[in-house]
Amino acid sequence: ATANAGVTPYYAVVTGIIASRGQRLQSGRMEAAARLLEEIVSIPDPRDSIVARFRNGEQLVGFVSPVHDKMDPRAAIVMDALKMKLGDDIELIRLQRAADTAAEISGALMEFILPAIFVGRKLGLKGQGLAVGSLGRMAGWIAHAMEQYHGHPMIRPRARYTGPLPS
């Protein structure tokens, strides 16, 4: 909608960042995934963390029930690239063990956010590991903005108040 109003790609991205922090978009979810990743890569057996959360009925943030019985293709591609590049990295092995455990006990598969945060961690983005996941979103926002600039008429929905009338 912002891009449709004719703002620059920069402002479209800024608007996306602001909107993504909203309460209705599960604010704090990325931070919770970052905390889970930190726990997974820091303990000797990450399976314990996944099993404990599952037993306590907690949500496995960063894991989701599969769509079409497949992992998010972005997560799969990033994990494959990490395995090729990092090979026997102990933290990567722990992340994979956690993912295998989540899939085994609950059917939940890894979402893109965990490998994205992991890449940020490996790049040394201490405390800023979420930036890698945000870069992918920004590319998408810019692509959507470009679509709006090229051939979409301005959207001007007419507002009509439908709520309760003041007394």
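Source: prediction; values computed, not measured. (Residues numbered from 1 in each chain as written. Predicted model: local features only at pLDDT ≥ 70, side-chain atom pairs only at ≥ 80, totals over all residues. Heavy atoms only, no water.)

## Focus on the overall build of the protein chain
Then comes step 1: Along the backbone of the protein chain there are seven helices and two strands.
Then comes step 2: Each helix (α) and strand (β) of the protein chain, taken in turn from the N terminus, gives the series α-α-α-β-α-α-β-α-α.
Then comes step 3: Residues counted as buried form 31% of the 167 residues belonging to the protein chain.
Then comes step 4: Pairs at least 24 residues apart make up 74% of the contacts formed inside the protein chain by residues separated by at least 6 positions.
Then comes step 5: If you sum the accessible surface of the protein chain, you get close to 11,200 Å²; carbon and sulfur atoms cover 58% of it. (Helix = DSSP H or I, 4+ residues; strand = E, 2+ residues; numbered from the N terminus. Buried < 20%, exposed > 50% of the residue type's maximum accessible area, 1.4 Å probe, protein only. Contact = heavy atoms within 4.5 Å. Areas by Shrake-Rupley, 256 points an atom, 1.4 Å probe, with all protein chains shown as cover.)

## Focus: the pattern of salt bridges
Then comes step 1: Going through the model one piece at a time under the given rule, you end up with eight salt bridges.
Then comes step 2: We note a salt bridge from glutamate 39 to arginine 53, for which the minimum N-O separation is 3.1 Å. You can see glutamate 39 sitting in helix H2 (residues 29-42) and its partner arginine 53 sitting in helix H3 (residues 46-55), a full 14 residues away along the chain.
Then comes step 3: Here glutamate 39 falls in the partly exposed class, since its relative accessible area comes to 29%.
Then comes step 4: Between arginine 47 and aspartate 45 there is a salt bridge whose closest N-O contact spans 2.8 Å.
Then comes step 5: When its relative accessible area of 40% is taken as the criterion, arginine 47 is described as partly exposed.
Then comes step 6: Several salt bridges converge on common partners, so that one network encompasses Glu38, Asp89, Glu91, Arg121 and Lys122. (Salt bridge = Lys/Arg side-chain N within 4 Å of Asp/Glu carboxyl O.)

## Considering helix H5 (residues 90-106)
Then comes step 1: End to end, H5 covers 24 Å across 17 residues, agreeing with the expected 24 Å (1.5 Å per residue, within 8%).
Then comes step 2: Within the sequence span of H5, burial applies to Glu91, Leu92, Arg94, Leu95, Gln96, Ala98, Ala99, Thr101 and Ala102.
Then comes step 3: Its buried side turned inward, H5 meets H2, H3, strand S1 (63-64), helix H4 (73-86), strand S2 (109-110) and helix H6 (113-122).
Then comes step 4: In this structure aspartate 89 caps H5, since a side-chain oxygen of it lies 3.1 Å from the backbone nitrogen of glutamate 91. (Expected span 1.5 Å × (residues − 1). Polar contact = N/O pair within 3.5 Å; in protein donor to acceptor, adjacent residues only side chain to side chain.)

## A word on the side chain of glutamate 111
Then comes step 1: Mapped onto the fold, glutamate 111 is located in the loop between S2 and H6.
Then comes step 2: When its relative accessible area of 17% is taken as the criterion, glutamate 111 is described as buried.
Then comes step 3: If we skip the residues at most four places from it in the chain, glutamate 111 touches Arg29, Gly62, Phe63, Val64 and Ala75.

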